[in-house]
Amino acid sequence: MQILMRKLLQRISCRQVNGRRAYSTKKFVDSGQPTPASHPQLMKEGEITPGISAEEYISRRKRLLEILPENSVAILAAAPEKMMTDVVPYPYRQDANYLYITGCQQPGGVAVLSHECGLCMFMPETSAHDVIWKGQIAGVDAAAETFKADKAYPMSKIQEILPDMIGRSSKLFHNQETAVQTYTNLEAFQKADFYGAVRNLSRLTHELRWVKSPAELKLMRESASIGCQALLQTMLHSKSHPYEGLLAAKFEYECKMRGAQRMAFNPVVGGGPNAAVIHYSRNDQKIDDGDLVLMDVGCELHGYVSDMTRTWPPSGSFSSLEEALYDLILQTNKECLKLCKPGASLLQIHHYSVGMLRKGLKEIGIVNSDGTDPYNELNPTSIGDNY
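Everything numeric here is computed off the predicted structure, so don't read it as measured data. Position numbers for residues count from 1 along each chain, tracking the sequence in the order it is written. Only residues with pLDDT of at least 70 get local features here, since the model is predicted, and only at 80 or more are side-chain atom pairs given and counted; chain-wide, interface and lining totals rely on the full set of residues. Think of the side-chain values as coming from all heavy atoms in the structure, minus any hydrogens and water.

## Details of the overall build of the protein chain
Per the convention used, a helix needs a DSSP run of H or I reaching at least four residues, while a strand needs a run of E reaching at least two, with both numbered from the N terminus. Looking only at helices and strands, the protein chain features 13 helices and 16 strands. Think of it in three bands: residues with accessible area under 20% of the maximum for their type are buried, residues over 50% are exposed, and the middle band is partly exposed, with areas taken using a 1.4 Å probe on protein chains only. Counting over 387 residues, the protein chain shows a buried share of 37%. As presented, the protein chain carries roughly 23000 Å² of accessible surface, and 54% of it is formed by carbon and sulfur atoms. Using a 1.4 Å probe, accessible areas were evaluated by the Shrake-Rupley method; residue-level cover was limited to the displayed protein chains.

Right, here's the structure in full:
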């Protein structure tokens, strides 16, 4: 019965118009992810993913080809699905390098880039059973029409086509982090690997991704803005709901209500001493009255993430020592921002922050002049290069 109802709903979409029910049989090609035709409220004409145009994706492929050695081939595989149980998958997130080059947000594909063929995509093949249970996914037609691939084939053709492409190349690059046996088990790939002709592609794709386009900067700013607004709402919520788990849930809710697809990482919400655990993730404790809470959080918007950390007292007021410490960290942050200029390294800025914090902690009285803790609670080795 459930399957029958889903089939009927696929054929007839029902919407509310002026208080009446109106029925529509309007159809569009389902590419397995948002397109301008299926999600006009989200995407503009000419975009492959929200905010990023087909022209930009094509430009990325050309730039990667420019830095690839002559007569070389690059292979990128989509991220694998990860399972929560034997039948329930975790929400899918695409590999960043595969998404950056193809725009495809779905699992199961392999992309090949070369000077000879441009972008060639091998796409997964689905059965009617798969479509009923998982929905439509992008196939060969979508690779050409939606993702603007120069060539597209079903995955069943990869053993016929890819070995010849590898055999004609002198160097082979692939994304080691998502490598799949679909191509690594090919004799041509193993032969190239045996003779030392296989390299990791990530170094080159990361180099491309260092420089952001105006469209990417816009998405990054929007992601940061969503995170900031969500965190402000969470701060206001913390006095009446001083629980780590509730604050994590509040932040995620506020982000998603503003358009974010997911969290950038599992929220860190540490109350009291839990704030000192760098990657604290339990988020299961009540925040005691008078304690501070630290939140290290961020959200993801169409593949671009934000990351921010804030510490505050849910009770509404700092102690005098907490206020002095907070001001020291804030001033250190502002001074480090001034150092963020072309030519500066993260390590240089880090060392500057360590020096400023050491000096300030001594002035406040949290650390003695010899580096020891007057309260016998602070490990002096923590106020060093790993602070």
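After that view of the structure, there is still more to cover.
## What about the pattern of salt bridges?
Between Lys or Arg on one side and Asp or Glu on the other, a salt bridge is scored when a side-chain nitrogen of the former is within 4 Å of a carboxyl oxygen of the latter. Considering all chains together, one arrives at 15 salt bridges under this definition. Across the salt bridge formed by R258 and E254, the nearest N and O atoms sit 2.5 Å from each other. Across the pair E363 and K359 runs a salt bridge, and its minimum N-O distance is 2.6 Å. Remark: K359 and E363 occur in helix α13 (residues 346–364); sequence separation between them is 4 residues, near one turn of the helix.

## Considerations on the environment of S238
With respect to the helices, strands and loops of the structure, S238 is situated in helix α10 (residues 214–238). Counting along the chain gives 74 residues from S238 to W312, while the straight-line C-alpha distance between them is 9.6 Å. Residue contacts are defined here by distance: any two heavy atoms, one from each residue, within 4.5 Å place the two residues in contact. Beyond its immediate stretch of four places on either side in the chain, S238 contacts L247, W312 and P314. A polar contact is formed between the side chain of S238 and the side chain of W312, at a distance of 2.9 Å. Two N or O atoms form a polar contact when they lie within 3.5 Å of each other; inside protein one atom must be a possible hydrogen donor and the other a possible acceptor, and for residues adjacent in sequence the pair counts only when both atoms belong to side chains.

## Focus on the sheet that holds strand β15 (residues 304–305)
At least two bridges found by DSSP between two strands is the condition for calling them paired. Read from one edge of the open sheet, 3 strands run β11-β14-β15, paired in antiparallel fashion. Only two strands of the sheet have a single partner each, and these edge strands are β11 (262–263) and β15.

## Here we look at a nonpolar patch on the surface
The residues that make up patches have over 30% relative accessible area and no salt bridge, and they are joined within 9 Å when like-charged or within 5 Å when they are Val, Leu, Ile, Met, Phe, Trp or Tyr. A cluster of nonpolar side chains, M84, V87, V88 and Y90, forms an exposed patch at the surface whose accessible area comes to about 400 Å². Within the secondary structure, V87 sits in the loop between β5 (72–77) and α3 (96–102). Given a relative accessible area of 65%, V87 falls into the exposed group.

## Examining the packing of helix α2 (residues 54–67) against helix α9 (residues 202–210)
To obtain each axis, a line is fitted to C-alpha atoms, and for helices this fit is confined to the stretch in contact; angles are then taken between N-to-C directions over 0 to 180 degrees. Orientation of α2 relative to α9, taken along the N-to-C sense of each, is 130°, at an axis distance of 10 Å. The angle between the axes of α2 and α9 places the two elements in the oblique class. Between α2 and α9 lies a crossing whose hand is right-handed. Residues R60, R63, L64 and I67 of α2 form the contact with α9, whose participating residues are L204, T205 and L208. Reported orientations rely on four angle classes, namely roughly parallel under 35 degrees, roughly antiparallel over 145, roughly perpendicular from 65 to 115, and oblique for the rest. Crossings are sorted by hand: turned counterclockwise from the far helix by less than a right angle, the near helix makes the crossing left-handed, and turned clockwise it makes it right-handed.

## Thoughts on the packing of aromatic side chains
A pair of aromatic rings is counted whenever rings of Phe, Tyr or Trp (Trp by its six-membered ring) have centres within 6.5 Å, and the orientation is called stacked for planes under 30 degrees apart, edge-to-face for over 60 and tilted otherwise. Enumeration according to the criterion identifies 4 aromatic pairs in this entry. Plain terms: the ring middles of F318 and Y326 are 5.1 Å apart, the flat faces sit at 45° to each other, and that makes the pair tilted. Judged by relative accessible area, which is 28%, F318 ranks as partly exposed. A ring is considered to have a charge above it if a Lys NZ or an Arg CZ atom is located within 6 Å of its centre and within 35 degrees of its normal. A cation over a ring is seen here: R60 above Y57, with NZ or CZ 4.7 Å from the ring centre.

## Observations concerning the sheet that holds strand β7 (residues 118–123)
Read across the open sheet, the 6 strands follow the order β8-β7-β6-β5-β9-β10; overall the sheet is mixed. Unpaired on one side and paired on the other, β8 (151–154) and β10 (198–200) mark the two borders of the sheet. Across this sheet, the average inter-strand angle for adjacent strands is 20°, counted without regard to direction.

## What to know about α13
Each residue after the first adds 1.5 Å to the expected span of a helix. With 19 residues, α13 extends 27 Å from end C-alpha to end C-alpha; this agrees with the ideal 27 Å at 1.5 Å per step. Taken as a whole, α13 has its buried residues at I349, S353, V354, L357, G360 and L361. Down the axis of α13, the buried set is contained in an arc of 140°. They therefore lie on one face. Seen from the buried face of α13, the exposed residues on the opposite side, beyond 90 degrees, are L347, K359 and E363. The elements touched by buried residues of α13 are α12 (320–338). G365 lies just past α13 and shows a positive phi near 100°. This arc is built from the directions going out from the helix axis to the C-beta atoms.

## Description of unusual backbone geometry
The backbone of N71 shows a phi angle near 60°, a positive value even though the residue is not glycine. Of note, N71 is situated in the loop between α2 and β5. Classification of N71 as partly exposed rests on a relative accessible area of 42%.

## Thoughts on the confidence of the model for the protein chain
Confidence scores here are pLDDT values: one per residue, from the predictor, ranging 0 to 100. On average, residues of the protein chain score 90 in pLDDT, and 88% of them are at 70 or above. Counting interchain partners and residues more than four positions distant, the pLDDT-below-50 stretch residues 12–24 has 14 contacts. Between residues 378–387, whose pLDDT stays under 50, and residues either more than four places distant or in other chains, the model counts 15 contacts.

## A short note on helix α11 (residues 244–257)
When the terminal C-alpha atoms of α11 are compared, their 20 Å separation across 14 residues agrees well with the 20 Å that a helix rising 1.5 Å per residue should span. In the core, the buried residues of α11 are packed alongside α10, β11, β12 (268–271), β13 (293–297) and β14 (299–301). In the segment just after α11, G259 is the residue with positive phi, at about 110°.

## Side note on the side chain of E56
Summarising the element assignment, E56 is placed in helix α2. On the basis of relative accessible area, E56 is assigned to the buried category, the value being 16%. Setting aside residues no more than four positions away along its own chain, E56 makes contact with S213, A215 and E216.

## With respect to the pairing of β5
Across the 6 residues of β5, 6 count as buried, placing the element largely inside the fold. The side-chain alternation of β5 yields two buried faces, one formed by S72, A74 and L76 and the other by V73, I75 and A77.

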